[in-house]
Amino acid sequence: KANTSGDQNYTSNESVWNLTVGKRTTGILLDLSPGSPITYETLTTAVCQVNNSEVTTNLYRNGSLVNVENDTSVQLGAGYWEYVCNASETGNYTAASNQTFYQVDKYQKTVTLHINGSEADLQTTYPYSVNVTAWSDRGSVSLEMNSSSIENPFEAVLTAGFTYNFTAYSSG
């Protein structure tokens, strides 16, 4: 407010101006790395941050508060995950929110079955020693011959006139 008082040569006058200070828009970042989709066992890092130090952020995953995981590598189970980064309004900054969905695919285990060192059917004549071995890149492996459990590895001379089916199963 500015004013002047009058005198013999001047009239009195007053000027009033208002100054309005608006809230600054909060810039918000929600970044998940590596990018989606990933495979189970791959670590994920979620970063929730804003462009000022006055606003507090909250990181949610599927509706649960996970602030302790902000900018920390975690292993997620297979499935779809919703991430939300929220920033509360303050006296000087607006509220802000960012959301994304993240996909974690199941790990595709590999099971390998060898009959006499080969990954293929085998035809032979009696007497012939057969070695069957199975392994996996994850978990343990069980081995069956004609739907009955056998040792892994398996070695024997098998009776002629039959077809033997070997199957390997991975668990864990």
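In what follows, the accompanying structure is described.

Definitions and cut-offs
- Residues numbered from 1 in each chain as written.
- Predicted model: local features only at pLDDT ≥ 70, side-chain atom pairs only at ≥ 80, totals over all residues.
- Heavy atoms only, no water.
- Disulfide = S-S within 2.5 Å.
- Helix = DSSP H or I, 4+ residues; strand = E, 2+ residues; numbered from the N terminus.
- Buried < 20%, exposed > 50% of the residue type's maximum accessible area, 1.4 Å probe, protein only.
- Contact = heavy atoms within 4.5 Å.
- Core = buried A, V, L, I, M, F, W, Y, C linked by side-chain atoms within 4.5 Å.

1. A word on the state of the cysteines
In protein structure, a disulfide is the covalent linkage between the sulfur atoms of two cysteines.
No. 1: Tallied over the entire structure, the rule returns 1 disulfide.
No. 2: At a sulfur-sulfur separation of 1.9 Å, the disulfide partner of Cys48 is Cys85. Judged by the sign of its S-S torsion, about 75°, the bond between Cys48 and Cys85 is right-handed. A residue pair is termed long-range when its members are at least 10 positions apart, and Cys48 in strand E5 (residues 43–50) and Cys85 in strand E9 (residues 79–87) qualify at 37 residues. Note on accessibility: Cys48 and Cys85 belong to one class, buried.

2. Looking at the side chain of Thr112
No. 1: Relative to the helices and strands, Thr112 is located in strand E11 (residues 111–115).
No. 2: When its relative accessible area of 11% is taken as the criterion, Thr112 is described as buried.
No. 3: Setting aside residues up to four positions removed in sequence, Thr112 forms contacts with Glu119, Thr133, Ala134 and Trp135.

3. Focus: the nonpolar core
No. 1: If you look at the biggest cluster of nonpolar residues, it comprises 14 residues, and the most contacted ones within it are Leu59, Leu76, Tyr83 and Tyr102.
No. 2: Broken down by secondary-structure element, the contributors of at least two residues to this core are strand E3 (28–33), E5, E9 and strand E10 (96–105).
No. 3: The element contributing the most residues to this core is E9, with 3 residues.
No. 4: Residue contacts for Leu76: discarding those within four places in its chain leaves Tyr40, Thr44, Arg61, Trp81, Tyr83, Tyr102 and Val104.
No. 5: The next biggest cluster of nonpolar side chains, apart from the first, holds 11 residues, and it includes Ile115, Met145, Phe166 and Ala168.

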